[in-house]
Every structure is written in structure tokens, then in C-alpha cells.
Amino acid sequence: MVRLWGRVRSVAGQVFVLQVVVVLLLGVGAVAALVLQAGHDSTLEARNRSLAVAQTFANSPGIVQALASADPTAVLQPRAEAARTRSGVDFIVVTDTEGIRYTHPKPDRIGKKFVGNLRPVLAGGVVTETVNGTIGRLVQATVPVFSEGDGKGRVVGIVSAGITLSKVRGVVDRQLPILLGAAAAGLALATAGTAAVSSRLRRQTHGLGPLEMTRMYEHHDAVLHSVREGVLILDGERRLLLANDEARRLLDLRPDAEGRPVTELGLNAQATELLASGRIATDEVLPAGDRLLAVNNRPTDRDGGPPGSVATLRDSTELRAVSGRAEQAQTRLRLLYDASVAIGTTLDVVRTAEELAQVAVPRLADFVTVGLVEPVLHGEEPRPGGAAELRRVAVNGVRDDHPLYPPGRLVRWGPDTPMGHGFGTGEPVLVADLSDAVEWVEQDPERMRRVLDYGIHSLMTVPLKARGVLLGMVNFWRSDRPGPFEEGDLSLAEELVARAAVCIDNARRYTREHTMAVTLQRSLLPRGLPEQSALDVAHRYLPAQAGVGGDWFDVIPLPGARVALVVGDVVGHGLLAAATMGRLRTAVHNFSTLDLPPDELLGHLDELVGRIDQEESPGAGGELAIAGATCLYAVYDPSSGRCVLARAGHPPPALLRPDGTVEFPDLPAGPPLGLGGLPFETAELDIPEGSLLVLYTDGLVESRTRDIDVGLDLLRDTLAGHPGRSPDDTCAAVLDALLPDRPGDDIALLAARTHRLGADRIAEWEVPADPAALAGLRASVARRLDEWGLDELAFSTELILSELVTNSIRYAAGPIRLRLLRDRTLICEVTDASSTSPHLRYAATTDEGGRGLFLVAQFAERWGTRYTAEGKVIWAEQALPGGLGPTPPG
């Protein structure tokens, strides 16, 4: 082993030999200890087991009786063999007091003398001994059998149990392979560890031996002390291990500096903090006397190295100026980045200008003012070549008590002022000293003197120009910082303003397009409500902030003093939605002139929306531009107080009754317009006089942050308990309670208070189907007109009713009724059961008839026919005399 140790020269090899020897010694010692311990444990285990089996069998029930029986062997032999098998011993032998065997695993030995020391057993003792038997070395235990079974009677027999040591010693055979395997694993780990250490040493030393390592150390030491860059090496406790000659010179270290903590080297606070912290530094500039040192610091414990750090020092007295310029460039880049994030967050021209003024103060200027030409504020494109007349829209500064022109002021700059010159040429202007800008001072001497006295001394004015269009001017003012603006500041201001100009121009374009869309939409909505007496109506319309939509409303007078209320909502936003809304609103007006029931009117609208979808199709293979819509159409009759409603996918109306309760009538929903194929249904409501009917679009009750059920509950709570509130006040209260902060959808709202046409303003007659009854009918009508003070209309009314009644008697069937209504006009209605409508035609000179409807059309302002479930109604309206109309109902 000593020879082997001497032959192995590498450290890794010597460590490997030592590990092998240690593992072998440990293995041999462990095997010896295991064998000795196993022998002792085997003997002790054999003694305990044989003694326990013998005592258990000797004290088992029936042993004494079996020994006293005529044939003990016949009783005891089976029991002894069964007990031996279960307990795992080699034999259980029962003898009499003379040692003659009654039992034995080998029956041929029954009746023979037991071999063993029986004298202590006959005296009541227990004998345990190790003997070499015929089956091998074994341990046997011999115990007495007492007559009374409690150890106090006489000995009537003997029980002996024995077990060979080989049966107990099997644990050694099981543990020894494990031990040998562990020793082999230890040798394998030692081999692998030695190989890993050897490989790492080869990598770290690059395959160099001790001699080569010594030479390399001497070479590196020479290089370390000859380079013109300082090197400091510190250990993990921040003590100086090594400082080369350049480091001693640059830091003026004392001769005994090595071995001292960094805090005792006499360095300034910055250098001490850097070296003591061990943090990574790259070209960090530290002062050292009259020098500036560029310091690099790196830890040495990376990649398995020793704890500590190494610092290099480089004398760079010019680095301060370079560092200042780099810091300034970094600050300017940060300002431009922040501007790209902070400017243009909205599509509002004024807000964008305010964001520009906010982001530039105080990092670029102490005060910033922004002026825009007037057309830009309205979304229009300014005309080139105009005067420098700017509306100030944003002012921001380090203080609020400045004397600069406030926001909202229209300022006209002279052509010789810096602002006027920049506006005319489109180039930025830098004024280092404002007191030298004579033209600027003469623009407004009193205010400009206040500006100078305030401390504002330098100016940069930069044109706000985007896509070749001059939008305004941005002025940067300096007051707190004593130095004037420089060319670098001007270039930064130009970059900043150029970015903001694009955002302002985008906002201007959006304002123009939004204004156009809103103008189009408002032009398609009713500009005023028509005159009628059935309802007091107030309305509100609010476009969405994100863009115009397709919501609309209408109030349409119908024949018979009735009024139709309409609200609708076209899917989507933008010009297409607004244009579709206009088409649907026109269609509703056209269909209402036919006096169609609400369900039929919605059916016609459904067909129209389907045709619009087909028209908007881009062609084969493209997707359809679905122009879906919802609509609610209601017709209120003041003569009966009945309202007939139908809806196509629209929210139900709210009904505020005179007692202050609110309900949402259960109307058949119906599919949205444009789906086609499904019919619409109507519902009839009897509405008390003075009730308030509220119609609205879904933008009022539903938003991204509020479910429609929550909105309906809020609408109910707002309306409830206020039956006397006027329709206009109701609209205001509803919008105050439900209007979102930023509406994402249009909102249309109608509030209509119902009136009833009083019974004294309605006259009805049943007309017999006999032309002779016309005389009495005309007399009755004349009396009623006299009561109403409408004698002037008696002749024309009698003529009209005569023609209409005669026409019904001649061509219609069933009951005929005549009704006069005094509203804003005098309305004459003739109802019959026929569905045939009369038509106006020109009668020839030879025709006997055909002139009745022509006369009706001449005397009436308008006339027409509407159909009912029972037949038709022919009506005619006449204007009231000048002093009698219009009259309110009731």
C-alpha cells in the first residue's frame, strides 16, 4: 500500500487510494461485528424460543391428565407434533420422571431414555443448555410438569423443546449481501467522486501539473503588478487580499493595507460602500482625490470560486463629461417614452394639448402653453397662409400664479414676434434671452413686462404640424433654471411636439367625423314634436361617446285624435347605423299613414330590414352586413283611453299610474327586426287619464357594468311615487339616476302623459240602413255643432256625413255608426262592417254618381280609411274656425 501510495503522484489518485483503504477497513469491521453479533443474537433467540415453547406446552391444559392416563403417548404425541410444527422448533419431547420419552419427532425413539441433565428439573427448576445433537448444534430447554399446574405440586413429568442454531442464524445470511453491496456502492461512489474531482482539477488547471502551476503563478504575479490598471482582490469578509502596484498608486494605499478590512483602507465613502457591499458594478465612476476612477467589481464565488470579489480601477478623468451627456440623453429618451404613453389617451383635441403641456413640465420647461388655430377645435382643417391667430387651449407650469395668457384667450401674434415668425415659416424659434425680443415685448408691453418680472427669461416656440398641416404653436418657457434653452433642448422639443401633433391631428379628424355622424343622425331625428292633444310628451336623445348609433324616436299624430309613439334601436354604430335608422324612421312614417295596426306595421318593417341586409351584402362568398334593429310601436286613443302596443325585441315600456305605482306591461316580445318568418303580436292596455308612459332604448337600462334587470329596477324606483312630475322633469330625473359616466350606447327616451277626450267632446249615433233617416241625422248633427259653437261648419259637415253615410248604406252591410270628435280639428267618422274602401275618382259628365268623395275631399282638410277587426272607418277632418281651435281634451 505504501508503494502504491508512492507511485500515485496526483492528488486525486492519492485521495482515491485512501478512500479504497477506508472503505475496505469499514467493510471488514462491519462483517466481523455482524458475525459476532449474529452469533450472540442467535443463541439468545434460540434459548428464548425453546424455553417459551417448553413452558407453554408443559402448562397447557390436559398434560397432567395425559401423563396419568394408561397410554400417555397416544394422547401426547399428536399434540406435541402439532405444537412443534406451529412453533417452528425442531423437537418437543415429553418424558416421565425417569426420563423415558412419551413423545419424539422420530417415533422409534419413543420409550428410550432422554439425554440431558434432569436432576434440576425434578427439583422444580429449569435447564437451558447448548448441545451438539444428531441434527446439529442446538439449544434445548427442559422444564417440569407439576401435578397441580401452578408450580407448587409434585413433578409428574418433564417437557423439553429444542431448536437448532442454523434456523435462527438466517438473518446473518440475509444481512451480509446487503453489507457487501453497501461496501461495493461505497467503492463505486469513491471511484466516481475521484473521477469528478480529477476532471474538475484538470478543467481548473487546464491539465497543468504542480511545476507548471508554479510557473504560471509566478508569471501571473508578474503580469498583475506590471499592468497599468488597478486590481483589488478581497475575501469573503471584505479584507484586502491583494492590491497591485497600480491600485496602490490610484488609491494611495498604505504599505500594510493587505489583510485589513476595506473600512480601514482610508478610502472615500463611495468607494468603501462599493467594495464592502460586493455588488456588481460596471464602469461606475468614483472620485479619488483629483481623479475620476472607472470601477468594475465582480464576485469571485461564481462557478465554484472562493468567496470574495475582485475590482479593477481605471483612471478616466474625462468620464465625468461623458457620463453627464449619457445621463442627459437617457433623461430625454425617458421623456419621449413617457410622452408616447401619456399623450393621446383620448380623441379630444383640448385634452391632448393639455397632456402635452403636462408631460413637458418640469423636465423640459418650467411653463408650457399650447395654442391651436380655431378650425382645429371644430375638427376642420385650417387653411394655409392665415394669420397667427391662436386659441390658447392649455397652460401648465411649476406654479399657478403665472402672468401668461390663460386658456380660452384668442391671441393674435404679430409677424415679427417669435410665435408669428414660427407660424409663418413653420420652423421652430429659440430665444435665449426674452428681454432682447423687442417685437415680443411690444406685442403687449404691460403683460410682457409682467412675464419678464416674473422671472421667465428664455423661450422656445415650436410649430404644431402634422401631415403638412399647421395646427398651432407650442411655447416652452424657462424661469426657475437660470440657464437659457440650448439647441439640444430645441431638438427635444421638436421631437416631443411632432409626436403630440399626430395625436392632435387624429383627435381633430375624429372630431370632424364624429361631428358629421352626429349631425347626420340628428338631422334624421325629429327636430320638434308635432301638435296633438292626446299626450304631453318630453324627449331626450344622447349619442354614445364612442360613436353615433341608430337609436330613434317619434311622435306621429293619427286620424281620430290618436297618437303613435315609436322608439327603435339599430344594431351597431357609425354612419351605416345612422343611415339605416333614417330609412326605418321614414318607413314608420309611411306605414303609419296607412293606419296599420302595430303588429302589421312591425311586419312591414321586418321585411324592409331583410331587404336592407340583402342590399348591404358584399357579393357572393362575402358575409352579410346584418342591419338588425328593435322597435316598440304604441298607438294611444284619447277617446277610449286604450293603448295598443307591439314590440320587436325591444325593452317593454314603463307605465306610471296616477296612484304612483309603476309597472312594466307584459307585452309579447317578438323577434328583432330582420330575422323574418315570425309574426308579431299586439297587446291592449286601458290607461287611466294622467298616467305617464315611458319609452326608452336599451342604452338607458343596460351597460357593460350593469345588467338590464338592475337597470329596470332602478328605472322603477326613479319613477315610483312621483305621478305629478311633468314629462320633462321625469326625463331629467331618469337620466340623472341611470345615465352612465361614459355611455357606450345611444339613449332615446320618451315620456308621455295621457289625456282623455271628454264625453262632451264626443258625439255618436247609430245610423239605420235607410236613406230616409239622413234628414233626422243631419238635424242631430246640426244641434251638436251648435252646442259646440261650430255653426260655421254645419253645411260642410252635413254634406260630408251625408256622402259618407249614404255610401255606407248603399255598399256596406251591418251596423253603421257616426261619430263626431271635437279636438284640434272636427273629425267625422263613419263606421261600417264592410272591408271595401271607397276610392276618389273623376266622374264623367254623363255619370249620375261618383262625385261624393270628390266633394268630401274639397270640404275636408284630409280624409281617409282605416280598417278595424269589425270592418272599416271612413274619416274626414275639418279645421276649426279661427277663434275656436285648438282646444285641449277633457
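Worth saying up front: this structure is predicted, and the values here are computed from it rather than measured.

Colleague: Lay out helix H19 (residues 598-615) with the relevant residues and their values.
Modeller: In this model, H19 (18 residues) spans 26 Å end to end at C-alpha, consistent with the 26 Å of a helix rising 1.5 Å per residue. Considered for burial, the residues of H19 that qualify are Pro598, Leu601, Leu602, Leu605, Asp606, Leu608, Val609, Ile612 and Asp613. Tucked into the core, H19 has its buried residues touching helix H18 (575-593), strand S19 (629-637) and strand S20 (642-648).

Colleague: Describe a nonpolar patch on the surface, and please don't skip the residues or the numbers.
Modeller: Taken together, the side chains of Phe795, Phe854, Leu855 and Phe859 make up a nonpolar region of the molecular surface, amounting to roughly 360 Å² of accessible area. Here the nonpolar patch takes 3 residues from helix H25 (residues 852-859), the largest share from any one element. With respect to the element layout, Phe795 can be found in helix H24 (residues 794-811). Using a relative accessible area of 58% as the deciding quantity, one classes Phe795 as exposed.

Colleague: Lay out the side chain of Thr730 in plain terms, naming residues and giving numbers.
Modeller: Counting through the fold element by element, Thr730 comes out in helix H22 (residues 727-738). On the basis of relative accessibility, which here comes to 2%, the residue Thr730 falls in the buried class. Not counting residues up to four positions away in its chain, the partners in contact with Thr730 are Leu692, Leu719, Arg725 and Ala751.

Colleague: Before we move on, can you summarise unusual backbone geometry with the specific residues and values?
Modeller: Here the amide bond leading from Val361 into Pro362 is cis, since omega sits at 0°, within 30 degrees of zero. With respect to the element layout, Pro362 can be found in the loop between helix H12 (349-359) and strand S10 (367-373). For Asp252, which is not glycine, the phi torsion reads 55° and is therefore positive. Assignment of secondary structure puts Asp252 in the loop between helix H9 (245-251) and helix H10 (269-277). Non-glycine residue Asp283 carries a positive phi angle of around 50°. Residue placement: Asp283 occurs in strand S7 (residues 281-288).

Colleague: Mind laying out the pairing of S10, listing which residues take part and the relevant values?
Modeller: S10 sits mainly inside the fold: 7 of its 7 residues count as buried. With burial as the criterion, each face of S10 is covered, one bearing Phe367, Thr369, Gly371 and Val373 and the other bearing Val368, Val370 and Leu372. One ladder, built from 7 bridges, connects S10 with strand S11 (residues 389-397); its direction is antiparallel. Its bridge partner lying in S11, Phe367 is registered against Gly397. Looking at chain direction, S10 and strand S15 (residues 469-478) are connected through 6 bridges and run antiparallel. Bridge pairing links Leu372 to Gly472 in S15.

Colleague: Which residues make up the sheet that holds strand S2 (residues 127-133), and what are the values?
Modeller: Read across the open sheet, the 4 strands follow the order S1-S4-S3-S2; overall the sheet is antiparallel. Single-partner strands in this sheet number two, and they are strand S1 (91-95) and S2. Ignoring which end each strand starts from, the neighbouring axes of this sheet average 25° apart. As judged from the 9 bridges shared by strand S3 (residues 136-146) and strand S4 (residues 155-164), these two strands associate in the antiparallel manner.

Colleague: Describe the packing of H12 against helix H17 (residues 487-524), with residues and values.
Modeller: Interaxial distance between H12 and H17 falls to 8 Å at its minimum, and their mutual angle equals 165°. Our classification of the angle between H12 and H17 gives roughly antiparallel. In terms of crossing hand, the pair formed by H12 and H17 is right-handed. Across from Val349, Thr352, Ala353, Leu356 and Val359 in H12, the residues of H17 making contact are Leu496, Ala500, Cys503, Ile504, Ala507, Arg508 and Thr511. A class-by-class count of the residues in the contact of H12 with H17 yields 9 nonpolar, 2 polar and 1 charged.

How each quantity is defined
- Residues numbered from 1 in each chain as written.
- Predicted model: local features only at pLDDT ≥ 70, side-chain atom pairs only at ≥ 80, totals over all residues.
- Heavy atoms only, no water.
- Helix = DSSP H or I, 4+ residues; strand = E, 2+ residues; numbered from the N terminus.
- Expected span 1.5 Å × (residues − 1).
- Buried < 20%, exposed > 50% of the residue type's maximum accessible area, 1.4 Å probe, protein only.
- Contact = heavy atoms within 4.5 Å.
- Patch = residues over 30% accessible without salt bridge, like charges linked within 9 Å, V, L, I, M, F, W, Y side chains within 5 Å.
- Areas by Shrake-Rupley, 256 points an atom, 1.4 Å probe, with all protein chains shown as cover.
- Salt bridge = Lys/Arg side-chain N within 4 Å of Asp/Glu carboxyl O.
- Pairing = 2+ DSSP bridges.
- Axes fitted to C-alpha atoms, helices over the stretch in contact; angles between N-to-C directions.
- Parallel < 35°, antiparallel > 145°, perpendicular 65-115°, else oblique.
- Left-handed = near helix turned anticlockwise from the far one by under 90°.
- Nonpolar A, V, L, I, M, F, W, Y, C, P; charged D, E, K, R; others polar.

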